[in-house]
Amino acid sequence: MQRPVFAANWKMNHGPTEAREFMTSFLRYYPRHSDRQVLFFPASITLAAVVDALKERTDIRVGVQNIHWEDKGAFTGEISAAMARDAGAHLALVGHSERRHVFGETDAETGRKVAACFRAHIVPMLCVGEKLAEREAGETESVVLRQLRAGLADISAEQVAHLLIAYEPVWAIGTGKTATPEDASRVHQVLRAELRALAPDKYSAIPILYGGSVNRANATQLVIAPEVDGVLVGGASLDAEGWAAIVRA
Ligand code: PGA
């Protein structure tokens, strides 16, 4: 198995001051571990503070939570992948469920954003996941495959091999309801099979993370489940000690 990925999605939490305090204690609790990868996705306005706090810790990578698909222009309030890269981001979340369902981001837009990441040499983490009604209607597979195909539609097979995927069932995000490790494994297998068709040589090395109410109590069971290569964590990544406990486990 490849080394597991522990990704913190801070959403609209932690400004620069809180982020600096967080990093001071987090780095005390989390010395370098070469057998796992830790990622942070702070708010864009907090990115510089996190990049600065991690300048001695190149083992930890930082990304943004969203980018625009254009490289520059009159898009008030947006940031481009190139700007994020210039500010020290190595990655970007694309198609997080809150972008899709709160802000109306479409499948086609996620595809354009993934392509924009590659133009700017940023690694996209494409998020997919079904809503509760879709799950209850037996549509989980078709929804995540539709989102995966659309998200990867504008890039080459070579590029597909250099991104990350996060499966985050919408009904599990911030609700305290987690998919069981078996549920997660089953959907990850479906995604893996599709990645195999898209990138036959490299599909097995593409990390597929699980996200949705991951916490200290359930993280380890999820990370060791078959086909689960790591976790994308919101609420439980906001407290330095608790997050360090998850990534150290
Ligand atoms: P949660 O969020 O861990 O708070 O459920 C996960 C996410 O949205 O990435």
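Use the structure listed above.
Structural notes on empty space enclosed by the protein
A full pass over the atoms with the stated rule returns 1 cavity of 30 Å³ or more. Taken together, Gly 95, His 96, Ser 97, Arg 100, His 101, Cys 127, Val 128, Gly 129, Gln 147, Glu 168 and Val 170 make up the lining of the largest cavity. Top element by residues in the lining of the largest cavity is helix H4 (residues 97–101). It accounts for 3 residues. Split into classes, the residues belonging to the lining of the largest cavity amount to 3 nonpolar, 6 polar and 2 charged.

Details of the packing of aromatic side chains
According to the stated counting rule, one finds 7 aromatic pairs in the structure shown. When the ring of Phe 26 is compared with that of Phe 40, the centres are 5.3 Å apart and the planes differ by 85°; the resulting orientation is edge-to-face. Note that Phe 26 is positioned in helix H1 (residues 16–29) and Phe 40 in strand S2 (residues 37–41), a separation of 14 residues in sequence. Considered together, Phe 26 and Phe 40 belong to a single accessibility category, that of buried residues. Taken together, the ring pairs connect Trp 10, Phe 22, Phe 26, Tyr 30 and Phe 40 into an aromatic cluster.

Observations concerning the pairing of strand S6 (residues 164–167)
Going residue by residue along S6, you find Leu 164 and Ala 166 tucked away on one face and Ile 165 and Tyr 167 tucked away on the opposite face as well. Bridge analysis of strand S5 (residues 123–128) against S6 gives 4 bridges, and the strand direction is parallel. Each residue of the ladder has a partner; that of Val 128, found in S6, is Tyr 167. Once the chain exits S6 it traverses helix H9 (residues 181–198) before rejoining the sheet at strand S7 (residues 208–211), and the crossover so formed is right-handed.

Description of the pattern of salt bridges
According to the stated counting rule, one finds 18 salt bridges in the structure shown. Between Arg 36 and Asp 35 there is a salt bridge, with its nearest N and O atoms 3.0 Å apart. Residue class for Asp 35 comes out partly exposed when judged on its relative accessible area of 43%. Arg 186 is paired through a salt bridge with Asp 183; the nearest N and O atoms lie 3.2 Å apart. In this pair, Arg 186 and Asp 183 are both assigned in helix H9, 3 residues apart and thus about one turn of the helix distant. Given the relative accessible area of 15%, Asp 183 is considered buried. Bridged by salt links that share partners, the residues Glu 130, Arg 135, Asp 183 and Arg 186 form one connected network.

Remarks on the packing of helix H7 (residues 140–151) against H9
Between H7 and H9, whose axes approach to 10 Å, the crossing angle comes to 40°. Judged by the angle between their axes, H7 and H9 are oblique. Here the hand of the crossing between H7 and H9 comes out right-handed. Contact residues: H7 offers Thr 140, Glu 141, Val 144, Leu 145, Leu 148 and Arg 149, while H9 offers Val 187, Val 190, Leu 191, Glu 194 and Leu 195. Among the residues forming the contact of H7 with H9, the class breakdown is 7 nonpolar, 1 polar and 3 charged.

Re the site of the ligand
Taken together, the neighbourhood of the ligand is formed by 13 residues, with Lys 11, His 96, Glu 168, Gly 174 and Ser 213 sitting nearest. A distance of 3.4 Å separates an oxygen atom of the ligand from a polar side-chain atom of Asn 9. In isolation the ligand offers 290 Å² of accessible surface; the protein chains occlude 95% of this area.

Side note on helix H11 (residues 240–248)
One turn of the α-helix equals 3.6 residues, which is why residues spaced by three or four share an orientation. Along H11, the positions that sit buried rather than exposed are Ala 240, Gly 242, Trp 243, Ala 244, Ile 246 and Val 247. Structurally, H11 contributes buried residues whose contacts are with strand S1 (5–9), H1, S2, helix H10 (219–223) and strand S8 (230–233).

Topic: the side chain of Asp 229
With respect to the secondary-structure elements, Asp 229 resides in the loop between H10 and S8. In this structure Asp 229 comes out as buried when scored by relative accessible area, which is 7%. A distance of 2.8 Å separates a polar atom in the side chain of Asp 229 from a polar atom in the side chain of Arg 192.

As for the environment of Thr 58
Topologically, Thr 58 is positioned in the loop between helix H2 (47–53) and strand S3 (60–64). Here Thr 58 falls in the exposed class, since its relative accessible area comes to 57%.

About the thresholds
Residues numbered from 1 in each chain as written. Predicted model: local features only at pLDDT ≥ 70, side-chain atom pairs only at ≥ 80, totals over all residues. Heavy atoms only, no water. 1 Å grid on protein atoms, 1.4 Å probe; cavity = no way out; pocket = protein on both sides within 12 Å on 5 of 7 lines; lining within 4 Å. Points joined across faces, edges and corners; volume = space filled by probe spheres on them. Helix = DSSP H or I, 4+ residues; strand = E, 2+ residues; numbered from the N terminus. Nonpolar A, V, L, I, M, F, W, Y, C, P; charged D, E, K, R; others polar. Phe/Tyr/Trp six-rings, centres within 6.5 Å; stacked < 30°, edge-to-face > 60°. Buried < 20%, exposed > 50% of the residue type's maximum accessible area, 1.4 Å probe, protein only. Pairing = 2+ DSSP bridges. Right-handed = clockwise from strand over helix to strand, strands pointing away. Salt bridge = Lys/Arg side-chain N within 4 Å of Asp/Glu carboxyl O. Axes fitted to C-alpha atoms, helices over the stretch in contact; angles between N-to-C directions. Parallel < 35°, antiparallel > 145°, perpendicular 65-115°, else oblique. Left-handed = near helix turned anticlockwise from the far one by under 90°. Contact = heavy atoms within 4.5 Å. Near = heavy atom within 4 Å. Polar contact = N/O pair within 3.5 Å; in protein donor to acceptor, adjacent residues only side chain to side chain. Areas by Shrake-Rupley, 256 points an atom, 1.4 Å probe, with all protein chains shown as cover.

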